[in-house]
Amino acid sequence: MSFEIKLPLFEGPFDLLLFFIQRDELDIHDIPINQITKDFLDYLQHLEKMNVEVASEFILVAATLMRIKAKLLLPRPVLDETGEEIDPREELVRHLLEYKKYKSVIEELSQMEGDRLQKETRGNVVKELKKLAETNNVESELQDIDLYKLLKVFQKVLSRHQYELNKPTHKVVQYPYTIATQRAYVLNRLIETPRLSFTELISLSPEKIVVIFNFLSILDLLQMRKITMHLGDGFNNFWIERIEEELVD
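Computed from a predicted model, the values in this text were never measured in an experiment.

Peer 1: A description of the layout of surface pockets should follow, citing residues and the corresponding values.
Peer 2: The computed volume of the largest pocket comes to approximately 1200 Å³. Lining the largest pocket are 36 residues; nearest its centre among them are Leu41, Met66, Tyr177, Ile179 and Phe213. Those elements giving two or more residues to the lining of the largest pocket turn out to be helix H2 (33–49), helix H3 (56–73), helix H8 (179–192) and helix H10 (208–223). Considering every element that reaches the lining of the largest pocket, the biggest residue donor is H3, with 9 residues.

Structural data, given as structure tokens:
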């Protein structure tokens with residue numbers, strides 16, 4: 001489904017997720033993670049096409065959605081202390097419900113602020129300020145200041161300035177990989193090597209981010225029934241093959 005998104009509509013990634021849930025009338029307690037991940041990534045690509053810088057919180061939520069999607073596709077569920085299966089979407093649902101609750105409160109407070117701005121200011125403010133100035137003798141307070149107190153304040157200012165200079169900064173790097181391109185890469189490798197192990201695929205591009213994208217692309221290809229998987233030798237190793245009906249003559 002194609003749609004046009006106006007950027008000022010969304011204040012953050014949770015605002016965007018709630019928009020998708022309300023638009024498609026989804027159950028917030030049973031989110032179809034595959035559909036909402038696709039819509040979320042399409043939105044980020046929409047931002048990139050408009051040359052709009054993607055905020056770090058949007059990238060973090062996109063990575064979280066892909067992690068949840070990968071957990072749902074894995075054949076080994078995570079169990080809690082009582083042996084019950086843990087839904088990978090549980091934490092995301094909890095954050096969405098909290099955001100929805102606070103968002104409704106913010107709208108109410110904004111309305112109260114607007115109503116307050118429509119009211120006239122008090123007429124006796126100046127008189128009260130003069131009375132407070134008479135109660136608090138500023139000149140007597142200045143007389144209590146000595147050189148030691150001034151040096152302590154100066155030391156605090158220098159410490160704060162030094163902290164601001166050495167404060168760590170975070171830079172978001174745009175990697176030149178997508179799940180779609182890595183799906184095509186894996187399928188092309190299977191044309192050259194009909195039976196490919198995951199360890200061999202890692203050895204071709206051992207960078208951590210490439211391994212992650214390759215793994216996610218394999219999960220997508222399994223879901224699309226374009227490849228099949230066989231357990232290999234060794235711990236956490238497996239072989240992948242293309243399904244015959246998907247081979248091109």
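Peer 1: Let's hear about the pattern of salt bridges: which residues, and what values?
Peer 2: This structure, assessed with the given rule, holds 9 salt bridges. In this structure, the salt-bridge partner of Arg23 is Asp24, at a minimum N-O distance of 2.9 Å. The exposure class assigned to Arg23 is partly exposed, which follows from its relative accessible area of 27%. Arg189 is the partner of Glu192 in a salt bridge, and the nearest nitrogen-oxygen pair spans 3.1 Å. Of this pair, Glu192 and Arg189 both sit in helix H8, 3 residues apart, which is roughly one turn of that helix. Glu192 sits in the exposed class, given a relative accessible area of 57%.

Peer 1: Could you give an account of unusual backbone geometry, with specific residues and numbers?
Peer 2: With a phi close to 55°, Glu25 is a non-glycine residue in the positive phi region. Summarising the element assignment, Glu25 is placed in the loop between helix H1 (13–23) and H2. Under the relative-accessibility criterion, Glu25 is labelled exposed at 73%.

Peer 1: Any chance you could break down the nonpolar core for me, citing the residues and the numbers?
Peer 2: One finds Leu17, Ile36, Phe40, Leu65 and Leu96 to be the most contacted residues of the largest nonpolar core, which totals 21 residues. Residue assignment for this core shows that the elements contributing at least two residues are H1, H2, H3 and helix H4 (90–117). Sorting elements by how many residues they give to this core places H2 first, with 6 residues. Residues within four places of Phe40 in sequence aside, it is in contact with Pro13, Leu16, Leu17, Phe20, Phe58, Val61, Ala62 and Leu65. Core analysis: the second largest hydrophobic core is formed by 12 residues, Val186, Leu190, Leu196 and Leu221 among them.

Peer 1: Break down the packing of H1 against H4 for me, with residues and values.
Peer 2: Packing of H1 against H4 brings their axes to within 10 Å, and their N-to-C directions diverge by 95°. Looking at the two axes, H1 sits roughly perpendicular to H4. The residues of H4 that touch H1, namely those facing Phe14, Asp15, Leu17, Leu18 and Ile21, are Leu92, His95, Leu96, Tyr99, Lys100 and Lys103. Taken together, the residues of the contact of H1 with H4 sort by class into 7 nonpolar, 1 polar and 3 charged.

Peer 1: Describe H8, with residues and values.
Peer 2: Structurally, the α-helix is built with 3.6 residues per turn, so residues lying three or four positions apart point the same way. Spanning 14 residues, H8 covers 20 Å between terminal C-alpha atoms, matching the ideal 20 Å at 1.5 Å per step. Every buried residue of H8 is listed here: Ile179, Gln182, Val186, Leu187, Arg189 and Leu190. For H8, the buried positions fall inside an angular range of 155° around the axis, keeping them on one side. Exposed and facing more than 90 degrees away from the buried side of H8 are Ile191 and Glu192.

Peer 1: Go over the sheet that holds strand S2 (residues 227–231), please, and point to the residues and values.
Peer 2: In a beta sheet, neighbouring strands are held together by backbone hydrogen bonds and run either parallel or antiparallel to one another. Read from one edge to the other, the open sheet built from 3 strands follows the order S1-S3-S2, with strand pairing classed as antiparallel. Taken across any chain shown, the strands that pair with only one partner, and hence form the sheet edges, are strand S1 (195–197) and S2. Geometrically, the sheet is characterised by an average inter-axis angle of 30° between neighbouring strands, direction not taken into account. Lying over the sheet, H8 contacts S1, S2 and strand S3 (238–242), oriented at roughly 85° with respect to S3.

Calculation rules
- Residues numbered from 1 in each chain as written.
- Predicted model: local features only at pLDDT ≥ 70, side-chain atom pairs only at ≥ 80, totals over all residues.
- Heavy atoms only, no water.
- 1 Å grid on protein atoms, 1.4 Å probe; cavity = no way out; pocket = protein on both sides within 12 Å on 5 of 7 lines; lining within 4 Å.
- Points joined across faces, edges and corners; volume = space filled by probe spheres on them.
- Helix = DSSP H or I, 4+ residues; strand = E, 2+ residues; numbered from the N terminus.
- Salt bridge = Lys/Arg side-chain N within 4 Å of Asp/Glu carboxyl O.
- Buried < 20%, exposed > 50% of the residue type's maximum accessible area, 1.4 Å probe, protein only.
- Core = buried A, V, L, I, M, F, W, Y, C linked by side-chain atoms within 4.5 Å.
- Contact = heavy atoms within 4.5 Å.
- Axes fitted to C-alpha atoms, helices over the stretch in contact; angles between N-to-C directions.
- Parallel < 35°, antiparallel > 145°, perpendicular 65-115°, else oblique.
- Nonpolar A, V, L, I, M, F, W, Y, C, P; charged D, E, K, R; others polar.
- Expected span 1.5 Å × (residues − 1).
- Arc of directions from axis to C-beta.
- Pairing = 2+ DSSP bridges.

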